[in-house]
Amino acid sequence: MNCDVGLGAFFGVAQASVFFMSESTPHLESIAADLQRYEKQIRFAPFGPAGQRHLQKASCVIIGCGALGSVQASILVRAGVGRIRIVDRDFVETSNLQRQVLFNENDVASGLPKAIAAVNHLRQINSQVQIDAVVEDANHGNIRALCRDVDAILDGTDNFETRFLINDVAVEQNVPWFYGGCIGAEGQAMTIVPGETPCLQCLMSQGPPPPGTTATCDTAGILAAIINIIAAIQSCEALKVLSGNRSAINRKLTVIDAWTNTMRQLDLSALAQQGNCPCCKDRKFEWLGGQRASRSIVLCGRNSVQISSPEKYVLSLEQLERRLSELGRVHRNEYLLKFFAEECTLTVFSGGRTIVTGTGDPAKAKSLYSRYIGS
């Protein structure tokens, strides 16, 4: 089907489409030579050449370049955002290829970090964009530097601790950010503009769910389709802000189930009106200050990393066993649970404290923890 005609012709609106193009959209010859690669984007009337010029001067950071982040990076680089910083702590594995669109089997074989592999591919797509790779674990000690001098922050993470950290730094620095999360076939997206919309802590006043109490992609599975849907929504919202069209953002929480073909949008404006959020009202940045961050400690001489949370809670080892038993070997007693994964052993205690044995790398330990235990 010709993309210039589309389905409109079948519903009797082709004439209106032609009028829209001729009256509202710049002609190709009027588009500057350095912008002609973005011709189709510029021909979208609400965007236009002015929006593209805004994009060229804009910058953003993508925190996490796995499933969501790789789609976001591809869209934003192709769109022509001037400067993009990609932050990721992990490396490419074969299991990533099902849903992480920037990577291929050569990246797996080379053992490259995701941030480096992503930038290698993206620079071949658009040489006009400055793309920087940062191979680090985003935490309260470095998040300010990672988000310095950017106009937007995109959430490509897989855990709530990092999302709350992003929320804190975004509110502190008055930078819009774009939340997204997926599990199974369902996904959520929300645009957060400090001072204008509710923040993540407005939505989740009690903080993230305790580790081990919710499903993860590794325990409940994930369909690539929902990843692409949610990342596309996040990216489109970011393009609105970065192109100078902030008034067009969606101010609702969007929830989509790709399997049942359903979508809900929840109006959260009342949350902002309540005005009792410790983050965006009282400007208490507990995640940014490290008070609520999980603690990772390398255990000397044991090739192990201990991960613990400052929050006190009781974890159901029995429920965790049921979730993990489908993925690998599990041993449980009344005090702890051992799960054997990827040449490492995760020993989980009923208080939530976990020792990851088989690595001395805190970043890898945290990655395994978030994949199998949760936020």
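Residues numbered from 1 in each chain as written. Predicted model: local features only at pLDDT ≥ 70, side-chain atom pairs only at ≥ 80, totals over all residues. Heavy atoms only, no water.

### Quick notes on helix 14 (residues 362-372)
Because each turn of an α-helix spans 3.6 residues, side chains separated by three or four positions end up pointing in the same direction.
Okay, so step 1: By the criterion of burial, helix 14 is predominantly enclosed, with nine of the eleven residues buried.
Okay, so step 2: Residues of helix 14 that are buried: Ala-363, Ala-365, Lys-366, Ser-367, Leu-368, Tyr-369, Ser-370, Arg-371 and Tyr-372.
Okay, so step 3: Two to three positions downstream of the cap, the backbone nitrogen of Ala-363 sits 3.0 Å from a side-chain oxygen, assigning the N-cap of helix 14 to Asp-361.
Okay, so step 4: At the exit of helix 14 stands Gly-374, carrying a positive phi of roughly 130°. (Buried < 20%, exposed > 50% of the residue type's maximum accessible area, 1.4 Å probe, protein only. Helix = DSSP H or I, 4+ residues; strand = E, 2+ residues; numbered from the N terminus. Polar contact = N/O pair within 3.5 Å; in protein donor to acceptor, adjacent residues only side chain to side chain.)

### Some thoughts on the packing of aromatic side chains
Okay, so step 1: For the structure on display, the rule yields three aromatic pairs.
Okay, so step 2: Directly above the ring of Phe-340 sits Arg-329, whose terminal nitrogen or CZ lies 3.9 Å from the centroid. (Phe/Tyr/Trp six-rings, centres within 6.5 Å; stacked < 30°, edge-to-face > 60°. Lys NZ or Arg CZ within 6 Å of the ring centre and 35° of its normal.)

### So, the sheet that holds strand 1 (residues 59-63)
Okay, so step 1: If you trace the eight strands from one edge of the open sheet to the other, you get 3-2-1-4-5-6-7-8, paired in mixed fashion. Two strands lie at the open edges of the sheet, namely strand 3 (130-135) and strand 8 (262-267), each paired on one side alone. Averaged over all pairs of adjacent strands, the angle between strand axes in this sheet comes to 15°, irrespective of strand direction.
Okay, so step 2: In this structure, strand 1 lies alongside strand 2 (residues 83-88), joined through five bridges in parallel fashion. The residue of strand 2 that forms the bridge with Val-61 is Arg-85.
Okay, so step 3: Most of the contacts of helix 6 (residues 114-125) go to strand 3, to which it runs at about 165°, and overall it touches strand 2 and strand 3.
Okay, so step 4: Packed onto the sheet, helix 8 (residues 160-173) meets strand 1, strand 4 (153-155), strand 5 (177-183) and strand 6 (186-192) and runs at close to 170° relative to strand 5. (Pairing = 2+ DSSP bridges. Axes fitted to C-alpha atoms, helices over the stretch in contact; angles between N-to-C directions. Contact = heavy atoms within 4.5 Å.)

### Let's talk about the side chain of Gln-72
Okay, so step 1: With respect to the element layout, Gln-72 can be found in helix 4 (residues 67-79).
Okay, so step 2: According to the relative accessible area criterion, Gln-72 is buried, its value standing at 0%.
Okay, so step 3: With near-sequence residues (within four places) excluded, Gln-72 lies in contact with Ile-62, Leu-154, Asp-155, Gly-156, Ala-231, Gln-234 and Ser-235.

### Structural notes on the confidence of the model for the protein
Okay, so step 1: Across the protein, pLDDT averages 87, with 89% of residues at or above 70.
Okay, so step 2: This stretch, residues 13-23, has a pLDDT under 50; its non-local contacts, to residues over four places away or in other chains, come to six contacts. (pLDDT = per-residue confidence, 0-100.)

### Describing the pattern of salt bridges
Okay, so step 1: Applying the stated criterion across every chain, the model contains 14 salt bridges.
Okay, so step 2: Close ionic contact of Glu-286 with Arg-292 constitutes a salt bridge, the shortest N to O distance being 3.8 Å.
Okay, so step 3: Connected through salt bridges with shared partners, the residues Glu-39, Lys-40 and Arg-43 form a single ionic network. (Salt bridge = Lys/Arg side-chain N within 4 Å of Asp/Glu carboxyl O.)

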